[in-house]
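# Observations on the three-dimensional arrangement
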Amino acid sequence: MKIKLSFIFMVCVIVNHSISAQSSSLDTILVSGTVVDSEGNPIKGALVYVDSVKTRIKTNRYGKFKIWLKPETMVVSVFFRKNGIYTLKFDGANTLNFVFPEENKIISEDSLETLGYTDDKPSKNKKKSKDYSKYRDVYQMLVAEIPGVQVVGSMVYLRGTSRASINAGLSPLFIVDGTPVSSIDFIMPNEIESLKVLRDESASIYGVRAANGVIVINLKK
């Protein structure tokens, strides 16, 4: 009788472990990828960012990497000092391959913070995030927080980036958690962690899209 009970107990443990492992695997997706330059050469030591947050994952000598991602992950980026930063949307697939464009803007790792990228390592000197919840909507917040901003309906205009009329469709480029978006209507002020404005040279990494300036928004994780 004791042998039977012991056997039943072992079976239950194995089944529970299997169910737990299966449940855990459903929470994340193992993604494999490669990072190469414009000529197809593998890039060793490229840093992997997930939703604009730096991870501890780097590519190996063959430009390959593996990372567990949550299904709700929006974008994955890779950075290498000689190639700059490059971002792809994550659609839940198990592979994600990066090919740096030949004309990709080269920037320093220190410049990534200006562009809205962050580090996942805790910092003792990290500043407390600003409270934007007092604003009615994101557009009221932009007018109050960014000098020189004009808003007409949902159209935003950054003074000092163009001489044309605000009715000419000259809105700045919006980057939310590292991803360009066509609208910020969906954002509530209390969801915002940080807000930055890029003009002129600091916005040049985004090319012609940044002709009217860039507004970088990071949401609370």
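Note that the structure is a prediction, hence the values are computed from the model and not measured.

Moving on, we come to unusual backbone geometry. Unlike most non-glycine residues, aspartate 51 shows phi in positive territory, near 50 degrees. Structurally, the position occupied by aspartate 51 is in the loop between β2 (47–50) and β3 (53–58). Aspartate 51 gets classed as buried once you look at its relative accessible area, which sits at 16%.

Both faces of β2 are covered, namely the face carrying Leu47 and Tyr49 and the face carrying Val48 and Val50. Adjacent in sequence and paired antiparallel, β2 and β3 are bridged by 2 residues, among which aspartate 51 carries a positive phi angle near 50 degrees. Here β2 runs beside strand β5 (residues 75–80); their pairing, made up of 4 bridges, is antiparallel. Each residue of the ladder has a partner; that of tyrosine 49, found in β5, is serine 77.

Moving on, we get to the sheet that holds strand β11 (residues 173–176). Spatial strand order, β12-β11-β14-β13: 4 strands in an open sheet with mixed pairing. Where the open sheet ends on each side, the last strands, each with one partner, are β12 (179–181) and β13 (192–198). Ignoring strand direction, the axes of neighbouring strands in this sheet form an average angle of 25 degrees. One ladder, built from 4 bridges, connects β11 with strand β14 (residues 214–219); its direction is parallel. Bridging across to β14, leucine 173 finds its partner in valine 214. Contacting β11, β13 and β14, helix α2 (residues 138–145) crosses the sheet at an angle of about 55 degrees to β13.

In this section: the side chain of serine 77. Mapping serine 77 onto the fold places it in strand β5. Taking relative accessible area as the criterion, serine 77 reaches 1% and is therefore assigned buried.

With that out of the way, let us pick up the sheet that holds strand β8 (residues 118–119). Here 5 strands make up an open sheet; going across it, the order is β6-β5-β2-β3-β8 and the pairing mixed. Two strands lie at the open edges of the sheet, namely β6 (84–89) and β8, each paired on one side alone. In the sheet, β2 pairs with β3 via 3 bridges, with the strands oriented antiparallel. Looking across to β3, one finds that leucine 47 is bridged to lysine 58.

This part covers the nonpolar core. Leu142, Ile184, Ile215 and Ile217 are the most contacted members of the largest nonpolar core, which has 19 residues in total. Elements supplying a minimum of two residues to this core: α2, β10 (155–158), β11, β13 and β14. Here this core takes 4 residues from α2, the largest share from any one element. By size, the runner-up hydrophobic cluster in this structure holds 17 residues, among which are Val35, Val78, Phe90 and Leu96.

Right, let's get into the pairing of strand β9 (residues 149–152). As defined by bridge partners, β9 adjoins β10 across 4 bridges and the pair is classed as antiparallel. When the sheet's bridge partners are listed, valine 152 is paired in β10 with methionine 155. From the end of β9 to the start of β10, which pair antiparallel, there are 2 residues, and glycine 153 there has a positive phi angle of about 65 degrees.

With that settled, the discussion passes to the pattern of salt bridges. With the rule as written, the count across this model stands at 2 salt bridges. A salt bridge links glutamate 145 to lysine 130; the shortest N-O distance between them is 2.7 Å. Here lysine 130 lies in the loop between β8 and α2 and glutamate 145 lies in helix α2, a separation of 15 residues in the sequence. For aspartate 137, the salt bridge goes to arginine 136, with nearest N and O atoms at 3.5 Å.

About the cut-offs
Residues numbered from 1 in each chain as written. Predicted model: local features only at pLDDT ≥ 70, side-chain atom pairs only at ≥ 80, totals over all residues. Heavy atoms only, no water. Helix = DSSP H or I, 4+ residues; strand = E, 2+ residues; numbered from the N terminus. Buried < 20%, exposed > 50% of the residue type's maximum accessible area, 1.4 Å probe, protein only. Pairing = 2+ DSSP bridges. Axes fitted to C-alpha atoms, helices over the stretch in contact; angles between N-to-C directions. Contact = heavy atoms within 4.5 Å. Core = buried A, V, L, I, M, F, W, Y, C linked by side-chain atoms within 4.5 Å. Salt bridge = Lys/Arg side-chain N within 4 Å of Asp/Glu carboxyl O.

All we've got here are geometric facts, nothing functional implied.
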